[in-house]
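Analysis of the macromolecular model
The primary structure of each chain is shown beneath.
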Amino acid sequence: MAVEVGLPERGQDCLTWREVRSLGERMRKGDREHFDRWAPRYDRSLAQPLFFGPVYKNALRLAASLAPAPLRVLDVGCGTGRLLRLTGQQLPAAELVGVDGSPEMIRMAQRATRDSATVRFIQGLAESLPFRDGAFDLVFSTISFHHWADQTRGLSEVSRVLAPGGVLLLADNFVIPSHRVFFLGKERRARFHTKREVEAMLSKAGLRCFAWHDLHRFGPLRMVIGVSAYKLPS
Ligand SMILES: C[S@@+](CC[C@H](N)C(=O)[O-])C[C@H]1O[C@@H](n2cnc3c(N)ncnc32)[C@H](O)[C@@H]1O
């Protein structure tokens, strides 16, 4: 498996102190600390059934129609790996890889999948994915994009590791203007966009927007929107 997607060898999933430090400097420090603290309780949190669970369910349903039999699947900003664990039930033969900037999230994900031969979790950032070009047929990212310090670079990395024709499913609240009120800092707000802006960012990265999807609603309130895109042949 390590050879197939260009992963580091097993046992190198945790980075050296120097590597962690340089990653930490690029991921917002506050974000990393927040997610490290949340990691041990993440899977038991009320947000799972109310918020994340429906997103995973709808993302998987959508992925099954957009990329019916992917062999290699990546989840960027995978958290504790719940989406990939569900993906494994749906695609038992697929090679599944999760990457996340928070070492504690990765530790929880690894602990929950200790006995699995088909899923791996690696600490790393969207902005510098540790995989070879064209390694994946399907890339997920759920509720992570608005945290990425450099979204343009992250999308270009996602595009690089997607095989031509491969599918990205990016789900977040990034295009819901009312959600901006929850994010006070100017720098944070700058990571929220209009649909048109996201389409332009995808296009710049070599990804063609396929469609927009409502991934989670609370009655009339839109909570999470997804965009699907595919990698254009070079
Ligand atoms: C709200 S959690 C969502 C986790 C998971 N995708 C889910 O849906 O349950 C956001 C995750 O994005 C990760 N993250 C934030 N910025 C990142 C980056 N630049 N690269 C990789 N992971 C990042 C955080 O560490 C955190 O685990």
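As for the sheet that holds strand E6 (residues 207-218)
Spatial strand order, E3-E2-E1-E4-E5-E7-E6: 7 strands in an open sheet with mixed pairing. Pairing within the sheet leaves two strands with one partner each, and these edge strands are strand E3 (119-123) and E6. The sheet shows a mean angle of 15° between the axes of neighbouring strands, taken without regard to direction. Judged from the 5 bridges that link them, strand E1 (residues 72-76) and strand E2 (residues 95-100) form a sheet pairing that is parallel. Bridge pairing links Val 73 to Leu 96 in E2.

Section: the packing of helix H4 (residues 47-66) against helix H5 (residues 82-90)
With their axes 10 Å apart at the nearest point, H4 and H5 run at an angle of 45° to one another. With respect to their mutual orientation, H4 and H5 come out oblique. Taken as a pair, H4 and H5 cross one another with a handedness that is right-handed. For the pair formed by H4 and H5, the contact residues are Tyr 56, Ala 59, Leu 60 and Ala 64 on the first element and Arg 82, Leu 83, Leu 86, Thr 87 and Gln 90 on the second. Grouping the constituent residues of the contact of H4 with H5 by class yields 6 nonpolar, 2 polar and 1 charged.

Examining the site of the ligand
Around the ligand sit 22 residues in total, of which Gly 77, Gly 79, Ser 102, Ser 144 and His 147 are the nearest. Of all the elements in the fold, those that place two or more residues in the shell around the ligand are helix H3 (29-42) and H5. In terms of residue class, the shell around the ligand is made up of 11 nonpolar, 7 polar and 4 charged.

Section: the environment of Ala 94
With respect to the helices and strands, Ala 94 occurs in the loop between H5 and E2. Sequence-wise, Ala 94 and Ala 69 are 25 residues apart; in three dimensions their C-alpha atoms are separated by 8.3 Å. Setting aside residues up to four positions removed in sequence, Ala 94 forms contacts with Pro 70, Leu 71, Arg 72, Val 73 and Thr 118.

Criteria and cut-off values
- Residues numbered from 1 in each chain as written.
- Predicted model: local features only at pLDDT ≥ 70, side-chain atom pairs only at ≥ 80, totals over all residues.
- Pairing = 2+ DSSP bridges.
- Helix = DSSP H or I, 4+ residues; strand = E, 2+ residues; numbered from the N terminus.
- Axes fitted to C-alpha atoms, helices over the stretch in contact; angles between N-to-C directions.
- Parallel < 35°, antiparallel > 145°, perpendicular 65-115°, else oblique.
- Left-handed = near helix turned anticlockwise from the far one by under 90°.
- Contact = placed C-beta atoms within 7 Å.
- Nonpolar A, V, L, I, M, F, W, Y, C, P; charged D, E, K, R; others polar.
- Near = placed C-beta within 6 Å.

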